[in-house]
Amino acid sequence: TTLPNFALIARSVWQKMFGSREIKLGNVRDHPEDYAELERLLAEGLVKPVIDKIAPLAEAVQSYKTFEAGGTVGKAVLRIA
């Protein structure tokens with residue numbers, strides 16, 4: 001999700017305490033200049049996006065329904081070409 005919810009925050013705390021990975025939460029929608037910093041972090045490999053599924057555009061509706069139902073980790077990427 002773009003905005004952290006209780007489940008994501010709880011998972012982040014659990015991972016930090018007991019897991020091998022740390023989950024970072026953030027929201028840059030209000031500050032466009034933050035996108036440049038995020039781009040730099042991605043380019044340097046310091047931040048890695050979590051992708052749950054890559055699907056063709058024709059499966060967009062089903063992908064949206066799956067994510068709305070919950071239980072997924074990461075983002076869905078729709079392949080246009």
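Residues numbered from 1 in each chain as written. Predicted model: local features only at pLDDT ≥ 70, side-chain atom pairs only at ≥ 80, totals over all residues. Heavy atoms only, no water.

Undergrad: Before we go on, may I ask you to explain the overall build of the chain in this structure?
TA: On a plain count of helices and strands, the chain comes out with 3 helices and 2 strands. When each of the 81 residues of the chain is scored for burial, the buried share is 5%. Restricting to contacts in the chain with at least 6 residues of sequence separation, those with at least 24 account for 25%. For the chain, the accessible area works out to roughly 6,800 Å², and carbon and sulfur atoms hold 60% of it. (Helix = DSSP H or I, 4+ residues; strand = E, 2+ residues; numbered from the N terminus. Buried < 20%, exposed > 50% of the residue type's maximum accessible area, 1.4 Å probe, protein only. Contact = heavy atoms within 4.5 Å. Areas by Shrake-Rupley, 256 points an atom, 1.4 Å probe, with all protein chains shown as cover.)

Undergrad: Looking at this model, I keep getting lost on the pattern of salt bridges. Mind explaining?
TA: It is possible for side chains of opposite charge to pair when their charged atoms get near one another. What the rule picks out here adds up to 3 salt bridges. In this structure, the salt-bridge partner of Glu37 is Arg40, at a minimum N-O distance of 2.6 Å. In this pair, Glu37 and Arg40 are both assigned in helix α2 (residues 33-43), 3 residues apart and thus about one turn of the helix distant. Across the pair Glu44 and Arg40 runs a salt bridge whose closest N-O atoms are separated by 2.9 Å. In this structure Arg40 comes out as partly exposed when scored by relative accessible area, which is 34%. Each of the salt bridges in this network shares a partner with another, and the network as a whole consists of Glu37, Arg40 and Glu44. (Salt bridge = Lys/Arg side-chain N within 4 Å of Asp/Glu carboxyl O.)

Undergrad: What's the story with the environment of Gly74 in this structure? I'm lost.
TA: Structurally, Gly74 is set in the loop between α3 (60-69) and β2 (75-79). With a relative accessible area of 26%, Gly74 lands in the partly exposed category. Separated by 25 residues in sequence, Gly74 and Pro49 have C-alpha atoms that sit 7.5 Å apart. Dropping the residues within four chain positions of it, Gly74 is found in contact with Val50, Asp52 and Phe67.

Undergrad: Hey, could you run me through the side chain of Ser63 in this one?
TA: In this structure, Ser63 sits in helix α3. Sequence-distant contacts of Ser63, that is, excluding residues within four places in its chain, are made with Lys53, Ala55 and Leu78.

Undergrad: How do you make sense of the pairing of β2 when you look at a structure like this?
TA: In regular strands, side chains alternate between the two faces of the sheet. The sheet contact formed by strand β1 (residues 51-56) and β2 spans 5 bridges and is parallel. Looking across to β2, one finds that Ile54 is bridged to Val77. Once you follow β1 into α3 and on to β2, the crossover reads as right-handed. (Pairing = 2+ DSSP bridges. Right-handed = clockwise from strand over helix to strand, strands pointing away.)

Undergrad: What is the right way to read a nonpolar patch on the surface from this model?
TA: Residues Tyr35, Leu38, Leu42, Leu46 and Val47 make up a contiguous nonpolar surface patch of about 420 Å² in total accessible area. Tyr35 sits in the partly exposed class, given a relative accessible area of 41%. (Patch = residues over 30% accessible without salt bridge, like charges linked within 9 Å, V, L, I, M, F, W, Y side chains within 5 Å.)

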